[in-house]
Amino acid sequence: MEKKAELYRGKAKTVYTTDDPKRLIIHFRNDTSAFDGLKIEQLEDKGKVNNKFNYFIMQKLEAAGIPTQMEELLNDNEVLVKKLDMVPVECVVRNVSAGSICKRLGVEEGRDLNPPTFEFFLKNDALHDPMVNDSHIASFGWATEDQVKTMKEYSMKINEVLKKLFGDAGMILVDYKLEFGLYEGKIVLGDEFSPDGCRLWDKETRKKLDKDRFRQDLGGVIEAYKEVASRIGCPI
Ligand code: ADP
Ligand code: UDP
């Protein structure tokens with residue numbers, strides 16, 4: 001598969017077209033960003049770790065019946081995926097309160113959320129990804145009501161699969177963000193699932209093993225990502 005033009009350079013990944021119009025190559029860079037790109041650093045090995053982690057997780061999800069973008073791991077930093085027409089919303093599932101929900105609702109970090117909370121955010125850096133609801137999504141035509149239903153169903157099914165995967169490895173899946181797109185008219189999981197886009201705590205010590213280590217200057221960011229990978233049996 002030949003890499004052609006750069007299609008899009010995001011905050012952490014660069015997307016390339018290929019000689020197949022239905023396939024893209026995603027290149028995972030070492031750039032690590034937080035606070036809408038206000039804090040940016042290069043972390044050695046991050047691109048490689050997230051690329052391999054994402055491939056491993058998406059294979060697990062595919063095996064559990066979730067349609068994903070995944071085609072082929074090409075090398076340390078690159079993966080071949082289906083070209084999706086991305087739905088411009090982020091789907092966030094929360095099992096434990098942390099991050100923006102604590103500020104927004106004035107709740108303390110660490111409260112169990114049962115049933116898990118589901119939220120949509122509009123992907124728009126300039127507006128700081130505002131929260132939107134099903135009605136906004138349908139009215140503005142970002143997705144149909146059926147597609148919204150499917151994204152929610154897949155997000156909750158993914159929660160069951162991943163809570164177990166991380167739980168069996170001694171971790172709590174606190175929250176995570178997913179992005180879906182359309183491929184041949186069907187909703188398919190795209191983008192990335194890695195410690196950059198989720199929160200994972202050690203079950204016993206509650207040590208943070210995710211991007212909060214970067215956001216909160218806790219150090220040992222990539223060491224933590226590698227520890228998560230090793231605990232779930234993901235080769236890096
Ligand atoms: P951001 O846009 O948030 O800065 P990234 O640096 O992660 O994000 O860039 C990756 C971009 O590629 C995102 O905009 C994402 O929506 C898009 N993308 C991810 N997977 C696919 C796919 N399979 N097909 C098309 N676009 C995708
Ligand atoms: N998240 C993400 N990208 C975003 C926003 C959130 O990957 O643009 C992830 C984040 O890492 C966390 C979950 O989604 O695992 C919920 O994030 P939250 O709304 O709490 O916002 P944050 O605290 O990251 O600002």
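Our structure's up above, just so we're on the same page.
For clarity, every value in this text was computed on a predicted model and none was experimentally measured.

**Focus on the site of ligand 1**
Then, number 1: Taken together, 17 residues are adjacent to ligand 1, and Tyr 8, Lys 11, Ala 12, Lys 13 and Gln 69 come closest.
Then, number 2: Between Tyr 8 and ligand 1, the recorded distance is 2.6 Å, taken from a side-chain N or O atom to an oxygen atom.
Then, number 3: Separating a nitrogen atom of ligand 1 from a backbone N or O atom of Leu 84 is a distance of 3.0 Å.
Then, number 4: Here ligand 1 loses 88% of its free accessible area of 550 Å² to cover by the protein chains.
Then, number 5: By residue class, the composition of the shell around ligand 1 is eight nonpolar, two polar and seven charged.

**As for the packing of aromatic side chains**
Then, number 1: A full pass over the atoms with the stated rule returns six aromatic pairs.
Then, number 2: Here Phe 118 and Phe 120 contribute two aromatic rings whose centre-to-centre distance is 4.8 Å and whose plane-to-plane angle is 85°, an arrangement assigned as edge-to-face.
Then, number 3: Plain terms: the ring middles of Tyr 176 and Phe 193 are 5.7 Å apart, the flat faces sit at 55° to each other, and that makes the pair tilted. Pair noted here: Tyr 176 is in strand 12 (residues 171-183) and Phe 193 is in the loop between strand 13 (186-190) and strand 14 (198-202), with a separation of 17 residues, a long-range link.

**Considering the environment of Val 132**
Then, number 1: One can find Val 132 in strand 11 (residues 131-132).
Then, number 2: Linking Val 132 and Gly 65, residues 67 residues apart in sequence, is a C-alpha distance of 27 Å.
Then, number 3: In this view, Val 132 contacts Val 89, Phe 120, Phe 121, Leu 122, Ile 137 and Trp 142; residues no more than four positions away in its chain are not counted.

**Remarks on the sheet that holds strand 3 (residues 23-28)**
Then, number 1: Taken together, the five strands give an open sheet; going across it, the order is 1-2-3-7-6, and neighbouring strands pair in antiparallel fashion. Each of the sheet's edge strands pairs with one partner strand only, and the pair in question is strand 1 (3-9) and strand 6 (70-73). The average angle at which neighbouring strand axes cross in this sheet is 30°, direction not considered.
Then, number 2: Pairing of strand 1 with strand 2 (residues 13-18) involves four bridges; the strand directions are antiparallel. Directly across from Glu 6, in strand 2, lies its bridge partner Tyr 16.
Then, number 3: Seen against the sheet, helix 1 (residues 46-63) touches strand 3, strand 6 and strand 7 (78-82) and runs at an angle of roughly 135° to strand 6.

Quick notes on the rules
Residues numbered from 1 in each chain as written. Chains lettered and ligands numbered in written order. Predicted model: local features only at pLDDT ≥ 70, side-chain atom pairs only at ≥ 80, totals over all residues. Heavy atoms only, no water. Near = heavy atom within 4 Å. Polar contact = N/O pair within 3.5 Å; in protein donor to acceptor, adjacent residues only side chain to side chain. Areas by Shrake-Rupley, 256 points an atom, 1.4 Å probe, with all protein chains shown as cover. Nonpolar A, V, L, I, M, F, W, Y, C, P; charged D, E, K, R; others polar. Phe/Tyr/Trp six-rings, centres within 6.5 Å; stacked < 30°, edge-to-face > 60°. Helix = DSSP H or I, 4+ residues; strand = E, 2+ residues; numbered from the N terminus. Contact = heavy atoms within 4.5 Å. Pairing = 2+ DSSP bridges. Axes fitted to C-alpha atoms, helices over the stretch in contact; angles between N-to-C directions.

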